[in-house]
Amino acid sequence: MMSSSFIVTANLKTLVSLYGLSYKRLAKELNMDYTVVFRLVKGQRRVSFKLLDKLAEVFNCSPKDLLDPDFALGVGWQLVCNRDFKVNEKLVNKKLYKRA
């Protein structure tokens, strides 16, 4: 069984990669230091409930989504197939992700 920490880290890593976000840009959105974000994405730091809420806000999803082992894969699949889903609009508006 996968730990919740592992699942959140995997989802975060996948979402950052899917959207081509830099750690610095994500750190700015989360209002935290770049090195903290780097350690989060690399799985070297655990995600608190407060940070889970902030991440969910940035990616326009629920904290529960970030704890779902299939969430990031579903987001990636939707990006590849139709490029139209709920995460997209918020990131486009924040200029974190550019629509193709």
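Just so we're clear, the structure is a prediction, and the values are computed from it rather than from any experiment.

Caption draft 1: Fine view of the nonpolar core. Leu12, Val16, Leu26, Phe59 and Leu66 are the most contacted members of the largest nonpolar core, which totals 23 residues. At the level of elements, helix 1 (4–18), helix 2 (23–30), helix 3 (34–41) and helix 4 (49–58) are the ones that each hand at least two residues to this core. Among the elements that take part in this core, helix 4 stands out by supplying 5 residues, more than any other.

Caption draft 2: Just the pattern of salt bridges, in detail. Summed over all chains, the structure comprises 1 salt bridge. Residue Glu29 is joined to Arg25 by a salt bridge in which the shortest nitrogen-to-oxygen separation is 3.2 Å. Of the two residues, Glu29 and Arg25 are both situated in helix 2; the distance of 4 residues between them amounts to about one turn of the helix. For Arg25, a relative accessible area of 26% translates into the label partly exposed.

Caption draft 3: Geometry of the packing of aromatic side chains. Taken as a whole and judged by the stated rule, the model has 3 aromatic pairs. Ring centres of Tyr23 and Tyr34 lie 6.5 Å apart, and the angle between their planes is 40 degrees; on these two criteria the pair is classed as tilted. Taken together, the positions of Tyr23 in helix 2 and Tyr34 in helix 3 put the pair 11 residues apart, joining distant regions of the chain. Taking relative accessible area as the criterion, Tyr34 reaches 35% and is therefore assigned partly exposed. Between Tyr23 and Phe38, the aromatic rings sit 5.6 Å apart at their centres with planes inclined by 70 degrees, giving edge-to-face as the arrangement. In this pair, Tyr23 sits in helix 2 while Phe38 sits in helix 3, placing the two residues 15 residues apart along the sequence. In textbook terms, an aromatic cluster arises when at least three aromatic residues are bridged by ring pairs, as seen for Tyr23, Tyr34 and Phe38. Its end group placed over the ring of Tyr34, Lys24 keeps NZ or CZ at 5.7 Å from the ring centre.

What counts and what doesn't
- Residues numbered from 1 in each chain as written.
- Predicted model: local features only at pLDDT ≥ 70, side-chain atom pairs only at ≥ 80, totals over all residues.
- Heavy atoms only, no water.
- Core = buried A, V, L, I, M, F, W, Y, C linked by side-chain atoms within 4.5 Å.
- Buried < 20%, exposed > 50% of the residue type's maximum accessible area, 1.4 Å probe, protein only.
- Helix = DSSP H or I, 4+ residues; strand = E, 2+ residues; numbered from the N terminus.
- Salt bridge = Lys/Arg side-chain N within 4 Å of Asp/Glu carboxyl O.
- Phe/Tyr/Trp six-rings, centres within 6.5 Å; stacked < 30°, edge-to-face > 60°.
- Lys NZ or Arg CZ within 6 Å of the ring centre and 35° of its normal.

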